Amino acid sequence: MAFVLMPFSLSAQTYITPFGGITLQGVGNTEQTGTAHKRGINNEFDTDFDLHVKVKGESKSTVGYTYGFTYGNMWNKSGRKLNFGFETDIFHNSASHKSKLSNPNTEEVTILRGLNGDSVHHLVEEHYGAGHHKFENTMTMNSWNAAANLVLSYDFSTKFSVNCGLGIGFSAVTLKEAKSLQSSPAPADPGYETTKDNGGGIVNHFNSQSNASNSLMFSQFRLGTKVQLVKNIALKIDARTMYMGESKYVFGSTKYSDHAPTDNWTYTINPNLIHTITLGLCVNLKSKNDIHN
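Residues numbered from 1 in each chain as written. Predicted model: local features only at pLDDT ≥ 70, side-chain atom pairs only at ≥ 80, totals over all residues. Heavy atoms only, no water.

Undergrad: Hey, could you go over the nonpolar core for me, with residue numbers and the actual values?
TA: Leu175, Tyr249, Phe251 and Tyr267 are the most contacted members of the largest nonpolar core, which totals 24 residues. Every element with two or more residues in this core is listed here: strand S3 (48-59), strand S5 (82-102), strand S7 (134-155), strand S8 (160-184), strand S11 (212-230), strand S12 (233-244), strand S13 (247-251) and strand S14 (265-269). Looking at which element gives the most residues to this core, the answer is S7, with 4 residues. Judged by nonpolar contacts, the second largest core, of 8 residues, contains Val109, Val120, Val124 and Ala260. (Core = buried A, V, L, I, M, F, W, Y, C linked by side-chain atoms within 4.5 Å. Buried < 20%, exposed > 50% of the residue type's maximum accessible area, 1.4 Å probe, protein only. Helix = DSSP H or I, 4+ residues; strand = E, 2+ residues; numbered from the N terminus.)

And the structure:
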């Protein structure tokens, strides 16, 4: 794209806009799946079995921060109010991510070995029946994002203009310091499943690996204003909405001496929206007049 646009950029106004602001992580549907291997001291009724976990729910809206820069070219024509351009965005988003999940159906039992299968199924129905298996998750969501945008700008005067843009890009997302706590079934105090390994502390089901990453595509829409402050420097205020596609993250298995070992956990975030409001300084690097002078 850069090579295609290079000849046109020679006759365009070139600018760079460093910016910062706040980001709102929207509500999104989430899912967590894994398998607990009930063997030996962790089985029930001297019967070994696997318990397949599938819980679903929603993440909460959270507020974070964003920063980055925009590099662009705008093709202005003397006397023309509406102008178009091309921009590249590179920016970082950071916000907390929280979700509450429960099982929509009774958890599945497989690979059952023993003489008390009926008792195992009855136990699972009682403690892991639909809506009885609950988790609360917290983590930090960081992402580096790069997007290409087509933009339109309308000049109300030489000092004030409005602009909008449509773009598509890639996002490298990392979920860090993740905690997945089982709130049901769990003792009333402290209200979560516990382990003797840390003195009766709470079990983190992602304890063997609490970070996970993935890359995905996104689209975005931007709407903003530009106010000229001095020659070649303007104030820009932008509102951005990003549509993020589905992403899957693989966390580590649960490893405690008194907890059934599990496979790695898969955490899925379905498509969702992220909103940002940013403030930046637009610095003109080159204009058409600069070339001829």
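Undergrad: Help me get a handle on the pattern of salt bridges, residues and values and all.
TA: In total, this model carries 6 salt bridges according to the counting rule given. Among the charged side chains, a network of salt bridges with common partners joins Glu87, Asp89, Arg222 and Arg240. (Salt bridge = Lys/Arg side-chain N within 4 Å of Asp/Glu carboxyl O.)

Undergrad: Give a description of the side chain of Thr254 that names residues and reports values.
TA: Counting through the fold element by element, Thr254 comes out in the loop between S13 and S14. Of the polar contacts made by the side chain of Thr254, one reaches the side chain of Trp265; its length is 3.0 Å. Ignoring any residue separated from it by four or fewer positions in sequence, one finds Thr254 in contact with Val203, Asn204, His205, Asn207, His259, Ala260, Pro261, Thr262 and Trp265. (Polar contact = N/O pair within 3.5 Å; in protein donor to acceptor, adjacent residues only side chain to side chain. Contact = heavy atoms within 4.5 Å.)

Undergrad: Describe the packing of aromatic side chains, naming the residues involved and giving the relevant values.
TA: The description of two aromatic rings rests on the distance between their centres and on the angle between their planes. If you walk through the whole model with that rule in mind, you get 9 aromatic pairs. Look at Tyr154 and Phe156: their rings are 5.0 Å apart centre to centre, the planes differ by 75°, and that puts the pair in the edge-to-face class. Relative to Phe160, the ring of Phe156 lies with its centre 5.8 Å away and its plane at 40°, an arrangement referred to as tilted. According to the relative accessible area criterion, Phe160 is partly exposed, its value standing at 32%. (Phe/Tyr/Trp six-rings, centres within 6.5 Å; stacked < 30°, edge-to-face > 60°.)

Undergrad: Describe in detail the pairing of S14, supporting the description with residues and values.
TA: Side-chain positions along a regular strand alternate between the two faces of the sheet. Among the 5 residues of S14, 4 are classified as buried, and the element is accordingly described as predominantly covered. In the sheet, strand S2 (residues 29-38) pairs with S14 via 4 bridges, with the strands oriented antiparallel. For Glu31, the partnering residue across the bridge sits in S14 and is Thr268. Looking at chain direction, S13 and S14 are connected through 5 bridges and run antiparallel. Looking at the pairing, Lys248 lines up with Thr268 of S14. (Pairing = 2+ DSSP bridges.)

Undergrad: Quick rundown of the pairing of S11? Include the residues and the values.
TA: Where S8 meets S11, 16 bridges bridge the pair, whose relative direction is antiparallel. Its bridge partner lying in S11, Val173 is registered against Asn214. Examined bridge by bridge, S11 and S12 share 12 bridges and lie antiparallel to one another. Counterpart to Phe221 in the pairing with S12 is Thr241. What sits between the antiparallel neighbours S11 and S12 is a turn of 2 residues, in which Asn232 has the positive phi angle 75°.

Undergrad: Before we move on, can you summarise helix H2 (residues 117-127) with the specific residues and values?
TA: Gly117, Val120, Leu123 and Val124 are the residues of H2 that are buried. Looking down the long axis of H2, one finds its buried residues gathered within 125° of arc, a one-sided arrangement. H2 presents Asp118 and His122 as exposed residues on the side facing more than 90 degrees away from its buried surface. Elements that come into contact with the buried residues of H2 comprise S3 and strand S6 (108-113). (Arc of directions from axis to C-beta.)

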